[in-house]
Structures are given as C-alpha cells and as structure tokens.
Amino acid sequence: MLSSLTNALAYLQLPPEQVALVSGIGCSSRIPAYTNVYGFHGVHGRALPVATGLKLARPDLTVLVAGGDGDGFSIGGNHFLHACRRNVDLTYIIMDNQVYGMTKGQASPTTAPDWKGSELTPEGTGVNSFQPLVIALAAGANFIARCFSGEPANLAEILVQAIQHPGFSVVQVLSPCVTFRPEQRQWKNLVRMAPEGLGTDIQAATQRLMDDDGLTIGQVLYKGNRPPYRSRKGCEKKMSELEMEFAL
Ligand SMILES: Cc1ncc(C[n+]2csc(CCOP(=O)(O)OP(=O)(O)O)c2C)c(N)n1
C-alpha cells in the first residue's frame, strides 16, 4: 500500500509540501509517519472531519485520508456517510482487513458474520457485514474503486485516478492482516479483476456492487460528475498569520 501510494504521488509529480495525509488510529492509520508529505495522525474515527476542514481552508493542497475499516466504518461511520454526501475533493483510502488489527483482532464492521477468530465473539458476530462501497454510492461519493495491496501496480494506477478525480473518492484496499487473519493470505488467489469499469452509470454501479462478493478489484466501479463542494470563502488568513497564532 505504501509503495503504491508513493509511486502514485511520484507519477503525479506532486511536491511533498503540496500534499497532506490525514489518518485516524489503527495500524493502517500509521501511514503518515512513513511518508514525506504533511501528515496528521489524529483521533480514532475522526480523520475525515479533519481532512474536510483542511481541504476547505487550503484548497490548493492535495488532501488524502487513510485508515482502516474499524476507524472508517465503526467509530467513524457517521463521518464517512457525510463525507460522501458533502463531496469535498478528498481521496479516502481505506485499508480493509476485516478486523481491528491494532487492538488485537476484534471483529470490525466488514467482518463476515461467521468469523469465529475473536475471543469477544467466539461464535461469530452473527451480524451482516457492512457494504462500504454500496453505501458510499448511495451517500454520494463521486469515485469508487476496490483494489488489493497484493496488486501494487494496479493499486498505484487507481490511486492516481482517484486523486485526479474531483470530489470525494473512495478506494477500498483489501489489505490482509496476516497476524490476526492468516487465512487472508488466500486473498491472493481469490481476488479477481473486474472485467471493466462502470463509468458514470449509477444504476449499473449499484447493480454490480450489490451483486458483488467483495473480491472484485482493479477497476473504477463508479465515476460521478457531481461538482465538489468548495468553501465559498476559503481561508481568510495568510499561512504566516496562522503560524504566528500557533507559535510557542
Ligand atoms: C476513542 C477510541 N476508542 C477506541 C480506541 C482503540 N482502538 C485503537 S485502534 C482501534 C481499531 C483499529 O482498527 P482498524 O481501523 O480496522 O485498523 P487496523 O489496526 O486493522 O489497521 C481501536 C478500537 C481508540 N484508540 N480510541
């Protein structure tokens, strides 16, 4: 995932000071520490509101948001819905391993109901798993794709497209957690490339996403043309004035 992101940024020739990477909490949310762009490692589930504020104040920046399925769909679930609806020009990368990795393997919203690997839910959760991309589509996201960390070249290509596409882009990255879900090593054999992208047809995208088993990757599953929300005023203060306010 990290190498795909750095390759995508290099391809786009974005200078590091023009990019900000905002994350929540979790193993996946550690990613700003490993990149050479501006980073904000925030509070669990609150990456999207921080990124939204940043993009509205500094529309000149490319703002990326990263985190896990627990961060984004559990504690941050409400923010996810409203980020899709607001359609601010952000790229949201969700590293989905269907588990809470950092806190040692509890079930997350995307965990299958019959997964018995957690001591907290030894009989499985018995609860339907969250369908992030169908929900993103219904809530108004402007670009939707699913990739696999084991296909890094394809992932980099899709990230380039997501960053270039105006509005709120969602890229779900199937990212195995080999510590708590060793069986996810099999994803390498189970994922399959979607035969073709779905373009702007929202009905075709809905149908495909509803019918999908969550393992088709590699294509843009929806590309909308809704204009992104922009702040009407922008930031009224100069960077130097803001820096003065935070000076010790
Ligand atoms: C307010 C709050 N509640 C709970 C936690 C504990 N916590 C830390 S990481 C995490 C889940 C992370 O899971 P996920 O987002 O799927 O990331 P992963 O570690 O799997 O990459 C939780 C519940 C926290 N840090 N803050």
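Residues numbered from 1 in each chain as written. Predicted model: local features only at pLDDT ≥ 70, side-chain atom pairs only at ≥ 80, totals over all residues. Heavy atoms only, no water.

Below, the discussion takes up helix H1 (residues 2–11). Two residues of an α-helix separated by three or four positions point the same way, owing to the 3.6 residues in each turn. Listed in full, the buried residues belonging to H1 are Ser-4, Leu-5, Ala-8 and Leu-9. In a view along the axis of H1, the buried residues occupy a sector of 130°, so they form one face of it. For H1, the exposed residues lying more than 90 degrees away from the buried face are Ala-10 and Tyr-11. Backbone geometry just after H1 places Gln-13 at a positive phi near 55°. (Buried < 20%, exposed > 50% of the residue type's maximum accessible area, 1.4 Å probe, protein only. Helix = DSSP H or I, 4+ residues; strand = E, 2+ residues; numbered from the N terminus. Arc of directions from axis to C-beta.)

Tallied over the full model, the rule gives five salt bridges. With a shortest N-O distance of 2.9 Å, Glu-183 and Arg-181 are connected by a salt bridge. Classification of Glu-183 by relative accessible area gives partly exposed; the value is 38%. Across the salt bridge formed by Glu-196 and Arg-208, the nearest N and O atoms sit 3.0 Å from each other. Of this pair, Glu-196 sits in the loop between strand S7 (192–193) and helix H8 (202–211) while Arg-208 sits in helix H8, and the two are 12 residues apart along the sequence. (Salt bridge = Lys/Arg side-chain N within 4 Å of Asp/Glu carboxyl O.)

The subject of this paragraph is the site of the ligand. Around the ligand there are 16 residues in total, and Cys-27, Ser-28, Asp-71, Gly-101 and Met-102 lie nearest to it. One nitrogen or oxygen atom from the side chain of Asp-69 is found 3.4 Å from an oxygen atom belonging to the ligand. Met-102 places a main-chain nitrogen or oxygen 2.9 Å from an oxygen atom of the ligand. Coverage of the ligand by the protein amounts to 73% of the 590 Å² it exposes when considered alone. With four residues, the top contributor of residues to the shell around the ligand is helix H3 (residues 69–75). A class-by-class count of the residues in the shell around the ligand yields six nonpolar, eight polar and two charged. (Near = heavy atom within 4 Å. Polar contact = N/O pair within 3.5 Å; in protein donor to acceptor, adjacent residues only side chain to side chain. Areas by Shrake-Rupley, 256 points an atom, 1.4 Å probe, with all protein chains shown as cover. Nonpolar A, V, L, I, M, F, W, Y, C, P; charged D, E, K, R; others polar.)

Moving on, we get to the nonpolar core. Formed by 30 residues in total, the largest nonpolar core has its most connected members in Phe-80, Ile-144, Phe-168 and Val-170. Contributions of two or more residues to this core are made by strand S1 (19–23), helix H2 (47–57), strand S3 (62–68), helix H4 (77–86), strand S4 (91–96), helix H5 (132–139), H8 and strand S9 (220–223). In terms of residue count, H5 provides more of this core than any other element does, four residues in total. The contact partners of Ile-144, leaving out residues within four places of it in the chain, are Leu-133, Ala-136, Leu-137, Val-170, Val-220, Leu-221 and Tyr-222. If you look at the next biggest cluster of nonpolar residues, it comprises 25 residues, including Met-1, Ile-93, Phe-143 and Val-173. (Core = buried A, V, L, I, M, F, W, Y, C linked by side-chain atoms within 4.5 Å. Contact = heavy atoms within 4.5 Å.)

This paragraph deals with the sheet that holds strand S6 (residues 169–174). If you trace the seven strands from one edge of the open sheet to the other, you get S2-S1-S3-S4-S6-S5-S9, paired in mixed fashion. With partners counted over all chains shown, the strands left at the sheet margins are strand S2 (38–41) and S9, one partner each. Between one strand axis and the next, the sheet turns through 15° on average, direction left out of account. Direction of pairing for strand S5 (residues 143–148) relative to S9: antiparallel, over a ladder of three bridges. Note on S9: the bridge partner recorded for Ala-145 is Val-220. (Pairing = 2+ DSSP bridges. Axes fitted to C-alpha atoms, helices over the stretch in contact; angles between N-to-C directions.)

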